[in-house]
Amino acid sequence: MLKKGTKMYSILTGNCPRCQEESMYEKSNPYTLSKIFSMNERCSHCGLKYKIEPSFFYGAMYVSYGVGIAFAVAAFVISFLLIGTSLMTTFISIVGTMIVFMPVIIRLSRNIWINFFVKYDPTAVKKNKAIKG
């Protein structure tokens, strides 16, 4: 499921969607809140520019909404349906889940968004080396 060359590998690891050789982010830990949005400008292996155009990742906000709903539904199912807590406790668990997983949701949304537009190319590293000389 998580083998190199799949979209899921790039999305869950935060690696370059084209070559999947390195992380797109300066810090791999999403809980380093001061660096949550800090991305490398380009992939050092294949040369892919991550911010394809100005404000490219604004579209990730739409993806973030869907990912956030998925996390909230999961919290509801676990809290209310599986554990059987009250509605107030379930609401608190949903809010707590959204706060705790906010950095993860932001990163996942960016990863999903860029993977809509860039596909895996196993020859990208070789092509980049040939261009550089």
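Residues numbered from 1 in each chain as written. Predicted model: local features only at pLDDT ≥ 70, side-chain atom pairs only at ≥ 80, totals over all residues. Heavy atoms only, no water.

1. Section: the overall build of the chain
Move 1: Looking only at helices and strands, one finds five helices and zero strands in the chain.
Move 2: When the helices and strands of the chain are placed in sequence order, the string is α-α-α-α-α.
Move 3: Dimensions along the principal axes, computed over C-alpha positions, put the chain at roughly 65 × 30 × 20 Å.
Move 4: In the chain, buried positions account for 36% of the 133 residues.
Move 5: For the chain, the distance from the average site of its 16 positive side-chain charges to the average site of its 6 negative ones is 3 Å. (Helix = DSSP H or I, 4+ residues; strand = E, 2+ residues; numbered from the N terminus. Buried < 20%, exposed > 50% of the residue type's maximum accessible area, 1.4 Å probe, protein only. Lys, Arg positive; Asp, Glu negative; His and termini not counted. Charge placed at Lys NZ, Arg CZ, Asp CG, Glu CD.)

2. Some details on a nonpolar patch on the surface
Move 1: A cluster of nonpolar residues, Y65, I69, V73, V77, I78, F80, L81, L82, I83 and L87, forms a patch on the protein surface that exposes about 1,000 Å² of accessible area.
Move 2: Sort the elements by how many residues they give to the nonpolar patch and helix α2 (residues 60–83) lands first, with nine residues.
Move 3: Mapped onto the secondary structure, L81 falls in helix α2. (Patch = residues over 30% accessible without salt bridge, like charges linked within 9 Å, V, L, I, M, F, W, Y side chains within 5 Å. Areas by Shrake-Rupley, 256 points an atom, 1.4 Å probe, with all protein chains shown as cover. Salt bridge = Lys/Arg side-chain N within 4 Å of Asp/Glu carboxyl O.)

3. Some points on the side chain of S79
Move 1: Summarising the element assignment, S79 is placed in helix α2.
Move 2: In this structure the side chain of S79 is engaged in a polar contact, spanning 2.8 Å, whose partner is the side chain of T85.
Move 3: Excluding residues that lie within four positions of it along the chain, S79 makes contacts with G84, T85, T89, T90 and S93. (Polar contact = N/O pair within 3.5 Å; in protein donor to acceptor, adjacent residues only side chain to side chain. Contact = heavy atoms within 4.5 Å.)

4. What about the packing of aromatic side chains?
Move 1: Going through the model one piece at a time under the given rule, you end up with seven aromatic pairs.
Move 2: Taking the centre distance of 5.8 Å and the plane angle of 80° together, the rings of W113 and F116 count as edge-to-face. Of this pair, W113 and F116 both sit in helix α4 (residues 102–117), three residues apart, which is roughly one turn of the helix.
Move 3: Residue W113 is classed as buried on the basis of its relative accessible area, which comes to 17%.
Move 4: Clustering of aromatic rings is evident, with ring pairs tying together F56, F57, W113, F116 and F117.
Move 5: A cation over an aromatic ring shows up here: R107 above the ring of Y25, its NZ or CZ 3.9 Å from the ring centre. (Phe/Tyr/Trp six-rings, centres within 6.5 Å; stacked < 30°, edge-to-face > 60°. Lys NZ or Arg CZ within 6 Å of the ring centre and 35° of its normal.)

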